[in-house]
Amino acid sequence: MANFNKVIIAGNLTRDPELRYTPKGTATARIGMAINRTWKSETGETKEEVTFVDVDAWGRQAEVLAQYMKKGRPLLVEGRLKFDQWEDKNTHQKQSKLRVVLESFSFLDSKGADSANSVARSAPAVTAAAVSAPEAAEPEGPPPEEDDVPF
């Protein structure tokens, strides 16, 4: 049987990213996101529900999120679901939580002088390869000839 574990969510951060480092020096950031859904009921009344999701980021992506993201800013996240289980130290009860492990993300707004009125626009997705790979040098010489295309 084939398995597929992919999540794409867009929402606003509920708190500033919490950046930490493992003993080996790997960066990790935990962010909380709120995803809103609105709909009309059968009576025509507008209803809204909010889903809160915890997201874990690792490596350079964690550092980029911690540097540029703040509470309230919109973000698009692609990742996978992870189910964590542990025993509470005080009550010795089993606890569990479903969270998202970030694989790539896109900023959904541009931080300007007045971020509340900024127009939402999508930036390129930031993947693990994109933040760790150096940028390729532009080839020197004349640009390639272009065809005269009427559109």
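Our structure's up above, just so we're on the same page.
Residues numbered from 1 in each chain as written. Predicted model: local features only at pLDDT ≥ 70, side-chain atom pairs only at ≥ 80, totals over all residues. Heavy atoms only, no water.

A. Structural view of the environment of K82. Within the secondary structure, K82 sits in strand β5 (residues 74–87). Sequence spacing of K82 and V101 is 19 residues, and the spatial spacing of their C-alpha atoms is 6.7 Å. A polar contact of 2.9 Å, which involves the side chain of K82, links it to the side chain of D84. (Helix = DSSP H or I, 4+ residues; strand = E, 2+ residues; numbered from the N terminus. Polar contact = N/O pair within 3.5 Å; in protein donor to acceptor, adjacent residues only side chain to side chain.)

B. Main features of the pattern of salt bridges. Summed over all chains, the structure comprises 13 salt bridges. E49 serves as the salt-bridge partner of R37, at 3.6 Å between the closest nitrogen and oxygen. With R37 in strand β3 (residues 27–40) and E49 in strand β4 (residues 46–58), this residue pair connects regions lying 12 residues apart in the sequence. Between R80 and E103 there is a salt bridge, with its nearest N and O atoms 3.7 Å apart. With R80 in strand β5 and E103 in strand β6 (residues 94–107), this residue pair connects regions lying 23 residues apart in the sequence. What you see here is one network of salt bridges that share partners, running through R30, D56, K82, D84 and R99. (Salt bridge = Lys/Arg side-chain N within 4 Å of Asp/Glu carboxyl O.)

C. View of the side chain of D54. Within the element layout of this structure, D54 appears in strand β4. The exposure class of D54 is buried, given its relative accessible area of 14%. There is a polar contact of 3.2 Å between the side chain of D54 and the side chain of R15. If we skip the residues at most four places from it in the chain, D54 touches R15, I31, G32, K97, R99 and V100. (Buried < 20%, exposed > 50% of the residue type's maximum accessible area, 1.4 Å probe, protein only. Contact = heavy atoms within 4.5 Å.)

D. Structural view of the nonpolar core. Ranked by internal contacts, the top residues of the largest apolar core, which has 21 residues, are I9, M33, V55, L65, L75 and V77. Among the elements that line this core, the one with the most residues is β3, at 5 residues. Among all residues touching V77, those that are not within four sequence positions of it are V7, I8, I9, M33, V55, V100, L102, S104 and F105. (Core = buried A, V, L, I, M, F, W, Y, C linked by side-chain atoms within 4.5 Å.)

E. Quick look at the pairing of strand β1 (residues 7–13). Across 6 bridges, the pairing between β1 and β5 is antiparallel. What sits directly across from G11, in β5, is L75. Relative to β3, β1 is paired through 2 bridges, and the arrangement is antiparallel. Paired with L13 across the two strands is M33, which belongs to β3. (Pairing = 2+ DSSP bridges.)

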